[in-house]
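# Analysis of the macromolecular model
Chain by chain, the residues run as shown.
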Amino acid sequence: MLPFRYDPGRLGSVDVEIAITHCGICHSDLHLISNDWGISQYPFIPGHEIVGTVTAVGSRVRALKTGTRVGLGWQSNSCGHCEWCTRGMENLCPNTEATCVHRNGGYADTVRANVRFVFPIPDVLPSENAAPLLCGGITVYNPMRIHGVNPSSRVGVVGIGGLGHLAIQFARAFGAQVTAFSTSADKEEEARALGANNFVNSRESKAMKEVAGSLDFLLNTANADQDWGAYIQTLRPTGTLCFVGVPPSPVSIQAFPLISGQRTITGSNIGPPKMLLEMLDIAARHGIQARTEAFPMAKANEAIDKVKKNKVRYRAVLAN
Ligand code: NAP
Ligand code: ZN
């Protein structure tokens, strides 16, 4: 990344401008920087886990005032009138706009977005620890709510990175029993401190076999290809494997374990504004925060490099 300047033009009537104090580094930024998904248009500014202060509001904005501390995540706009927007599932709008896809995101001084996607941050959450909730937090919270995770649930989390370490905390807030799957044996102690009841080193096939048939809901947050067949085997009958992390290759599995145990494979995409507000409130009331490593904005390249090497515990956050 290199320094980049752009003219954002006139502020739209339903938009707000945010002076950025913090921006988390989500692995999706790395996918966009290297155009893994074939949708990047250069030059662009990555970053979509933003916390800052409102500095200007459009002429029709009533919901936010200048000076308010707010957050902005992956989504910056939606059409507002399609079936999915009117049903409160704006994250599924076919005309969704992502904060840093074909527009400029949060590794910056300022950013703009439609007011419907800008949320006040509860006072008890420090900005650095709240920023990763705006994408990582909602991405793991939404599928647990959709799939009804509750105190009787046995939840597995694959990959204990930015998303995964938040998933452990939210699953515990739902009262579930949590199993963490990690390729990093040195994460065991911290995973347990975050709330995991059980830790499985996913590189050990014996350890994987020991948890066969034990989970109701398994959330993959890892961005790598893995033995999905082995993960399907960890599900109980009627269990669900849900993808939020994006492995590079197609997911290939045998149909038989799906058929015999009536198991499901699904995916989930961030979450809608109403769920984001709920998630921030739950995080505030249950003490859920990202464990972060702060970097000055000017050291964004250094921070990205550390994320790439899976060395960050557990979310790198850039600060202005
Ligand atoms: P991250 O902080 O880099 O964490 C990813 C974790 O995956 C790592 O900490 C590591 O956990 C595990 N991992 C890495 N390499 C692996 C390998 N070779 N084999 C197995 N596991 C490996 O990334 P993140 O920000 O949490 O994002 C994770 C994924 O979610 C990315 O693909 C991102 O694009 C996607 N995402 C999706 C959505 C959505 O709406 N669906 C939203 C945000 C992000 P261990 O060390 O514990 O193994
Ligand atoms: Zn993200």
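That block above? That's the structure.
Residues numbered from 1 in each chain as written. Chains lettered and ligands numbered in written order. Predicted model: local features only at pLDDT ≥ 70, side-chain atom pairs only at ≥ 80, totals over all residues. Heavy atoms only, no water.

### Thoughts on unusual backbone geometry
For the record, the criterion: Each helix corresponds to a stretch of at least 4 residues labelled H or I by DSSP, and each strand to a stretch of at least 2 residues labelled E; elements are numbered beginning at the N terminus.
Here the residue pair Y42 and P43 is connected by a cis peptide bond, since its omega of -5° sits within 30 degrees of zero. Along the chain, P43 falls in the loop between helix 1 (27–33) and strand 2 (50–57). Cis geometry is adopted by the peptide bond preceding Y314, which originates at R313 and carries an omega value of -10°. With respect to the helices and strands, the residue Y314 is situated in the loop between helix 11 (300–308) and strand 15 (315–319). Its identity as a non-glycine residue notwithstanding, T238 has a phi of 70°, on the positive side. If you trace the backbone, T238 turns up in strand 12 (residues 235–243).

### Description of the environment of L241
Formally: Per-residue accessibility, obtained with a 1.4 Å probe over protein chains only, is compared with the maximum for each type, and a residue is labelled buried under 20%, exposed over 50%, and partly exposed between these values. Residue contacts are counted whenever heavy atoms from the two residues lie within 4.5 Å of one another.
Relative to the helices and strands, L241 is located in strand 12. In this structure L241 comes out as buried when scored by relative accessible area, which is 1%. Once the C-alpha coordinates of L241 and G156 are considered, the two residues, 85 residues apart in sequence, prove to be 9.1 Å apart. With sequence-adjacent residues up to four places away left out, L241 is seen in contact with L218, N220, I232, L235, T264, I265 and T266.

### What to know about helix 11
For the record, the criterion: Starting at the helix axis, one direction is taken to each C-beta atom, and the arc is that of these directions.
The complete set of buried residues in helix 11 reads A300, A303, I304 and V307. Considered in projection along helix 11, the buried side chains sweep an arc of 100° and stay on one side of the axis. The inward-facing, buried residues of helix 11 abut helix 1, strand 14 (292–296) and strand 15.

### A short note on the side chain of S184
Structurally, S184 is set in the loop between strand 9 (177–182) and helix 6 (188–194). What S184 contacts, discounting residues up to four positions off in sequence, is F199 and N310.

### Describing the site of ligand 1
We apply this condition: Note on terminology: near, applied to a residue and a molecule or strand, indicates that one of the residue's heavy atoms is within 4 Å of it. Two N or O atoms form a polar contact when they lie within 3.5 Å of each other; inside protein one atom must be a possible hydrogen donor and the other a possible acceptor, and for residues adjacent in sequence the pair counts only when both atoms belong to side chains. Residue classes follow a fixed rule: Ala, Val, Leu, Ile, Met, Phe, Trp, Tyr, Cys and Pro count as nonpolar, while Asp, Glu, Lys and Arg count as charged, and any other residue, Gly among them, counts as polar.
Near ligand 1 you find 29 residues, and of these H27, S182, T183, S184 and R315 are the closest. Interatomic distance of 3.1 Å between a backbone N/O atom of V244 and a nitrogen atom of ligand 1. At the level of secondary structure, the elements contributing two or more residues to the shell around ligand 1 comprise helix 1 and helix 5 (162–173). Considering every element that reaches the shell around ligand 1, the biggest residue donor is helix 1, with three residues. Per-class residue counts for the shell around ligand 1 are 10 nonpolar, 17 polar and two charged.

### A short note on the sheet that holds strand 12
Short version of the rule: By the convention used here, strands pair only if DSSP detects at least 2 bridges between them. Where helices are involved, their axes are fitted lines through C-alpha atoms of the stretch in contact, as for all axes, and angles between N-to-C directions lie from 0 to 180°.
Taken in spatial order, the six strands of this open sheet run 10-9-8-11-12-13, and their pairing is parallel. At either end of the open sheet lies a strand with only one pairing partner, and these are strand 10 (198–201) and strand 13 (264–267). Across the sheet, the axes of successive neighbouring strands diverge by a mean angle of 20°, strand direction being ignored. Sheet topology note: the strand 9/strand 10 ladder contains four bridges and is parallel. Each bridged residue has a counterpart across the sheet, and for T179 the counterpart in strand 10 is N198. Lying on the sheet, helix 4 (residues 136–146) is in contact with strand 11 (215–220) and strand 12; it crosses strand 11 at an angle near 155°.

### Comments concerning the coordination of the zinc ion (ligand 2)
Test applied: Each metal site is built from N, O and S donor atoms within 2.8 Å (3.2 Å for Na, K and Ca), and since water is not included, such sites may look incomplete.
Donor atoms from the polypeptide that bind the zinc ion (ligand 2) are C26 (SG), H48 (NE2) and C135 (SG), placed at 2.0 to 2.3 Å. You can call C26 buried: its relative accessible area is 3%.

### Focus: the packing of aromatic side chains
Rules: Note on ring pairs: Phe, Tyr and Trp rings are taken, using the six-membered ring of Trp, and paired if centres are within 6.5 Å. Classes follow the plane angle, with under 30 degrees stacked, over 60 edge-to-face and the rest tilted.
Going through the model one piece at a time under the given rule, you end up with seven aromatic pairs. Ring centres of F181 and Y231 lie 5.3 Å apart, and the angle between their planes is 75°; this geometry places the pair in the edge-to-face category. Residue F181 is found in strand 9, and its partner Y231 is found in helix 8 (residues 228–232); the two are separated by 50 residues along the sequence. Judged by relative accessible area, which is 1%, F181 ranks as buried. Using a relative accessible area of 2% as the deciding quantity, one classes Y231 as buried. Three or more aromatic residues link up through ring pairs in this structure, and these residues are F181, W228, Y231 and F243.

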